[in-house]
Amino acid sequence: MTARRAAALAAVSAVLFGCAYPPVDAWPLVLAAPVPMVLVLAGAGAAHGVRAALPWRIAGAVAAVGVAKWLILHWWLFQVTPAGTPGLAAYCTFHEFVGLFALVSCARVLPARVPWAVLLPVALGGAEGFRTLVLFDGYPWFRWGHPLIELPVLVQGADLVGELFASLLALSIAGAAVDVLQSRGEPLVHRRRARLPGVAVAGAFLAFAALYGGWRLSEGPTGQGPGILLVQPTLATSNKV
């Protein structure tokens, strides 16, 4: 794993993540967005069973791509605060590295048989929770699970644990994809054993989300409450101020 290859994989992850949001709005891409970052860690020797840390050159390349990604995602903020937008991009990149550090730590401490379908929700989901709920009262934009709102039946579990439910589901599915990818090239028997735990975890999570979501959506409204109307203008920021 070279710094150039790490930057390329990080860029793929950033493009997939960004395209899952409007205006492209290809929401299924968010399920694949974490996968290239895991490949960076695995290629850098920071995955299961390996004790090496993430090299500084690779970490710097990933961080540079991360800052660029968050600057592009927050492009409209330059109209409001040209000085503050780079700081926000650095802040979001820092939290991505908190998640990657947690992922490396989990891969070191936990047994190698723990599937990525568990590791990704624990590490990246925990970092997202820290960013969106804890530090500075939270910055809850651009979460892993937000694009799943396009499929409402999968996100009704948010009434149980909040928006984090959707993010954990997305990360679990992405982790199962990593489990499948990493088992390639192994004998068929070993491949099945490597894939089964991750696919089972993500499949059970997905089944619960779909069944619970279907039940919640089938419930009729309990009664008409007060109505609230919010109108947000689409004027350019320069016109607003």
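Residues numbered from 1 in each chain as written. Predicted model: local features only at pLDDT ≥ 70, side-chain atom pairs only at ≥ 80, totals over all residues. Heavy atoms only, no water.

*Asks:* Honestly, the overall build of the protein in this entry has me stumped. Any pointers?
*Replies:* Helices and strands together make up the secondary structure of the protein, namely nine helices and zero strands. For the protein, the α and β elements follow one another from N to C terminus as α-α-α-α-α-α-α-α-α. Split into buried and exposed, the 241 residues of the protein put 39% on the buried side. Within the protein, residue pairs in contact and separated by at least 24 positions form 66% of the contacts whose partners lie at least 6 positions apart. (Helix = DSSP H or I, 4+ residues; strand = E, 2+ residues; numbered from the N terminus. Buried < 20%, exposed > 50% of the residue type's maximum accessible area, 1.4 Å probe, protein only. Contact = heavy atoms within 4.5 Å.)

*Asks:* Hey, could you run me through the packing of helix α1 (residues 3-19) against helix α3 (residues 56-73) in this one?
*Replies:* Following both chains from N to C, one finds α1 and α3 inclined at 25 degrees, their axes separated by 8 Å at the closest point. Between α1 and α3, the angle falls in the class roughly parallel. Crossing handedness for the pair α1 and α3: right-handed. Judged by residue contacts, A3, A6, A7, A10, A11, A14, F17 and G18 of α1 engage R57, I58, A61, V62, V65, K69, W70 and L73 from α3. (Axes fitted to C-alpha atoms, helices over the stretch in contact; angles between N-to-C directions. Parallel < 35°, antiparallel > 145°, perpendicular 65-115°, else oblique. Left-handed = near helix turned anticlockwise from the far one by under 90°.)

*Asks:* Help me understand the pattern of salt bridges in this model?
*Replies:* Two side chains that carry opposite charge are able to pair once their charged atoms sit near each other. Taken as a whole and assessed by the stated rule, the structure comprises five salt bridges. The salt bridge involving E128 is made with R143; its shortest N-O contact spans 3.0 Å. Of this pair, E128 sits in helix α5 (residues 116-134) while R143 sits in the loop between α5 and α6 (158-161), placing them 15 residues apart in sequence. Judged by relative accessible area, R143 falls into the buried class, the value being 3%. Linking E163 and R143 is a salt bridge whose minimum nitrogen-to-oxygen distance equals 3.5 Å. Taken together, the positions of E163 in the loop between α6 and α7 (164-182) and R143 in the loop between α5 and α6 put the pair 20 residues apart, joining distant regions of the chain. Members of the salt-bridge network, linked through shared partners, are E128, R143 and E163. (Salt bridge = Lys/Arg side-chain N within 4 Å of Asp/Glu carboxyl O.)

*Asks:* Can you help me understand the confidence of the model for the protein in this one?
*Replies:* Where the model shows low pLDDT, its predicted coordinates should not be examined in detail. Mean pLDDT for the protein: 84, with 86% of residues reaching 70 or above. Low pLDDT, under 50, characterises residues 46-52; the predicted model gives this stretch 21 contacts beyond four residues in sequence or across chains. (pLDDT = per-residue confidence, 0-100.)

*Asks:* In this structure, what is going on with the packing of aromatic side chains? I would like to understand it.
*Replies:* A full pass over the atoms with the stated rule returns twelve aromatic pairs. A ring pair is formed by F17 and W144, whose centres lie 5.2 Å apart and whose planes are at 75 degrees; its orientation type is edge-to-face. Taken together, the residues span a long stretch of sequence, with F17 in helix α1 and W144 in the loop between α5 and α6 at a distance of 127 residues. One exposure class covers both F17 and W144, and it is buried. (Phe/Tyr/Trp six-rings, centres within 6.5 Å; stacked < 30°, edge-to-face > 60°.)

*Asks:* Whenever I open this one, the side chain of R131 confuses me. Can you help?
*Replies:* Among the structural elements, R131 can be located in helix α5. The buried charged residue R131 lacks any salt bridge, with E128 as its nearest oppositely charged partner at 4.9 Å. Among the polar contacts made by the side chain of R131, one reaches the main-chain carbonyl oxygen of F142 at a distance of 3.0 Å. Every residue in contact with R131, bar those within four places of it in the chain, is listed here: W70, Y91, H95, G138, Y139, W141, F142 and R143. (Lys, Arg positive; Asp, Glu negative; His and termini not counted. Polar contact = N/O pair within 3.5 Å; in protein donor to acceptor, adjacent residues only side chain to side chain.)

*Asks:* Is there a simple way to think about unusual backbone geometry in this case?
*Replies:* Most peptide bonds are trans, and most residues other than glycine sit at a negative phi. In this model, P22 is joined to P23 through a cis peptide bond whose omega is 10 degrees. Mapped onto the secondary structure, P23 falls in the loop between α1 and α2 (34-43). Residue D25 is not a glycine yet carries a positive backbone phi of 65 degrees. Relative to the helices and strands, D25 is located in the loop between α1 and α2. Exposure remark for D25: the relative accessible area of 32% places this residue in the partly exposed category. For F142, which is not a glycine, the phi torsion comes out positive at approximately 55 degrees. Topologically, F142 is positioned in the loop between α5 and α6.

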